[in-house]
Amino acid sequence: MSICSYIKVIGRAAPGAQPLEREQAADAMGQILDGTCTDLEIGAFCLAMRIKGETPDELAGFLDAVQARMTRLPASDRPVVVLPSYNGARRLPVLTPLLALMLARKGLPVLLHGSPTEDKRVTSLDVLAALGIGTHAPDERIPSGRVHVVPTERLLPGLKRLLDVRRAIGLRNAGHALVKLLNPIDGPALVVSSYTHPEYAATMASVFDRFDTTALLLRGTEGEPVADARRTPRMVLVSNGQARCVQQAQQGALTTLPRVPTLIDAATTADFSRAVMEGRLPAPNPIVQQVEHIVRACKMLEASYDRTLLQPLVSQI
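None of the values given here were measured: they were computed from a predicted structure. Sequence order sets the numbering: in each chain, residues are counted from 1 along the sequence as written. Two thresholds apply to this predicted model, a pLDDT of at least 70 for residue-level local features and 80 or more for giving and counting side-chain atom pairs, whereas whole-chain, interface and lining totals are computed over all residues. Hydrogens and water molecules were not included; the side-chain quantities draw on all heavy atoms of the structure.

A.B. asks: Would you mind going over the state of the cysteines in detail, with residue names and values included?
C.D. replies: Count a disulfide wherever a pair of cysteine sulfur atoms falls within 2.5 Å. Enumeration over the complete set of coordinates arrives at zero disulfides. As a non-bridged cysteine, Cys4 has Cys37 as the owner of its nearest cysteine sulfur, 8.0 Å distant.

If you want it as structure tokens, here you go:
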């Protein structure tokens, strides 16, 4: 079915707009990712979906299309922590690279994937480059205790093209939600994902559950998957069909503020991250708490995976 048929379904004036079924959403997104649609069709689809809003079924269908085409990274010795980094910094320093380095120091393999979608923001890739950490091939196995950086276009070029539509129409599209749901690892992984609007929390948790993805959800810093250095946000762990709060949001007025850069440029943020990793500055407590929750969740995943491997042996006894 042509994508135009789907635009007619989602693009009618309210209340006539209807959601796509999961299979329809997968077909539409597949055509977009394969490059068989015109720029006009893609723009119309993005605007219509932006106005209507994505349902969990639609996001699941979109993700079906992405997973069928995406390059996957092989499993590692331990569960891989997946950090989707796409928003960058506008008012606060982007500390996602610091989170990645702190997790790697705990012995975890870390995958950070991302792509700049605005020219005026400082991205994690900028900060990592300033720290001397470059990008890697998308099919390499990630060693434990290392940060592996893969640009979006090396996972799936069509997804990068969809993200770039924002530069033409000035609005986010379904691609920006999809990248926060991706698990590019062919094995145990924990996706750390963030939302900016509270209503997205339940939608994202529902999609993670449908794909049996273990995820830590939080309202991150300007859309980044890292806790706000000033105030600990609520964190929810999605696992085994359940979404449970593992960290309550910090309440009350702030009595002290962490020592973080007031400048958000890549060099200053890299210097701050380096100082924290070298022990010259304390790590912001909300990020320390986030690291602790991620480490615990990965240990839970390891135990679950070990039981899965042992089960066939037990059944033979």
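Resuming the write-up.
A.B. asks: Can you tell me about the sheet that holds strand β6 (residues 189-194), naming the residues and giving the values?
C.D. replies: Strands pair, by our definition, only if DSSP identifies at least two bridges between them. Segments assigned H or I by DSSP are reported as helices when at least four residues long, segments assigned E as strands when at least two residues long, and all are numbered from the N terminus. Spatial strand order, β4-β3-β2-β6-β7-β8-β9: seven strands in an open sheet with mixed pairing. With one partner strand each, in any of the chains shown, β4 (147-151) and β9 (242-247) form the two edges of the open sheet. Along the sheet, successive strands turn relative to each other by an average axial angle of 25 degrees, direction set aside. Summarising the sheet, strand β8 (residues 235-239) and β9 pair through five bridges and their orientation is antiparallel. Among the inter-strand pairings, Leu237 is bridged to a residue of β9, identified as Arg244. Contacts are assigned to residue pairs with any non-hydrogen atoms lying within 4.5 Å of each other. Between N-to-C directions, angles cover 0 to 180 degrees, with each direction set by a line fitted to C-alpha atoms, over the stretch in contact for helices. On the sheet, helix α5 (residues 96-105) packs against β2 (80-85), β3 (110-114) and β4 and is oriented at approximately 175 degrees with respect to β2.

A.B. asks: Would you mind going over helix α4 (residues 56-69) in detail, with residue names and values included?
C.D. replies: It helps to recall that an α-helix has 3.6 residues per turn; residues three or four apart then point in one direction. Between its terminal C-alpha atoms α4 stretches 20 Å, which fits the 20 Å expected from 14 residues at 1.5 Å a residue. Listing the buried residues of α4 in full gives Glu58, Leu59, Ala60, Gly61, Phe62, Leu63, Ala65 and Val66. In this structure, the buried side of α4 is in contact with α1 (3-10), α2 (22-34), α3 (39-52), α10 (174-178) and α11 (199-210). To estimate the expected span of a helix, subtract one from its residue number and multiply by 1.5 Å. Remark: exposure states derive from per-residue accessible area (1.4 Å probe, protein chains only) relative to the maximum for the residue type, with buried under 20%, exposed over 50%, and partly exposed in between.

A.B. asks: Please set out the pairing of β8 residue by residue, giving values where relevant.
C.D. replies: Across the five residues that make up β8, a large majority, five, are buried. Residues of β8 alternate between two faces, with Met235, Leu237 and Ser239 on one and Val236 and Val238 on the opposite face, all of them buried. One ladder, built from four bridges, connects strand β7 (residues 214-218) with β8; its direction is antiparallel. Its bridge partner being in β8, Ala215 is matched across the sheet by Val238. Linking β8 back to β9 in an antiparallel pair, the connection comprises two residues, with Asn240 at a positive phi of about 50 degrees.

A.B. asks: Describe in detail empty space enclosed by the protein, supporting the description with residues and values.
C.D. replies: Cavities and pockets are defined on a 1 Å grid built over the protein atoms alone: a cavity is a set of grid points where a 1.4 Å probe fits but cannot escape, while a pocket is an open set with protein on both sides within 12 Å along at least five of seven lines, and lining residues are those with an atom within 4 Å of any such point. Grid points are joined across faces, edges and corners, and a volume is the space filled by probe spheres set on the points. Taken as a whole and judged by the stated rule, the model has one cavity of 30 Å³ or more. In this structure, the largest cavity spans a volume of roughly 50 Å³. Each residue is assigned to one of three groups, with Ala, Val, Leu, Ile, Met, Phe, Trp, Tyr, Cys and Pro labelled nonpolar, Asp, Glu, Lys and Arg labelled charged, and all others, Gly among them, labelled polar. Residues belonging to the lining of the largest cavity are distributed by class as follows: three nonpolar, six polar and one charged.

A.B. asks: Explain the packing of α4 against α11 to me, and be specific about the residues and the numbers.
C.D. replies: Where α4 contacts α11, the axes come no closer than 9 Å and their chain directions differ by 50 degrees. Classified by the angle their axes make, α4 and α11 are oblique. In this structure, α4 crosses over α11, and the sense of that crossing is right-handed. Residues Pro56, Asp57, Leu59, Ala60 and Leu63 of α4 touch α11, and the partners they reach there are Thr203, Ser206, Val207 and Arg210. Among the residues forming the contact of α4 with α11, the class breakdown is five nonpolar, two polar and two charged. By definition in this entry, angles of less than 35 degrees are roughly parallel, angles greater than 145 are roughly antiparallel, angles of 65 to 115 are roughly perpendicular, and the rest are oblique. Definitions for this section: a left-handed crossing has its near helix turned counterclockwise from the far helix by less than a right angle. A right-handed crossing has that turn clockwise.

A.B. asks: Describe the packing of aromatic side chains, listing the residues and the values that go with them.
C.D. replies: Centres within 6.5 Å make a pair out of two Phe, Tyr or Trp rings, where for Trp the six-membered ring is used; the pair is then stacked when the planes are under 30 degrees apart, edge-to-face when over 60, and tilted otherwise. Overall, the coordinates contain one aromatic pair when judged by the stated rule. Pairing Phe45 with Phe62 gives two aromatic rings, centres 6.1 Å apart and planes at 70 degrees, and the pair type is edge-to-face. Of this pair, Phe45 sits in helix α3 while Phe62 sits in helix α4, placing them 17 residues apart in sequence. Under the relative-accessibility criterion, Phe45 is labelled buried at 2%.

A.B. asks: So what about unusual backbone geometry? Which residues, and what values?
C.D. replies: Unusually for a residue other than glycine, Asp212 sits at a positive phi of about 55 degrees. Look at Asp212 and you get exposed, because its relative accessible area is 61%. Even without being a glycine, Asn240 presents a positive backbone phi close to 50 degrees. Its place among the elements puts Asn240 in the loop between β8 and β9.

Without other data, these values stay purely geometric and don't point to any function.
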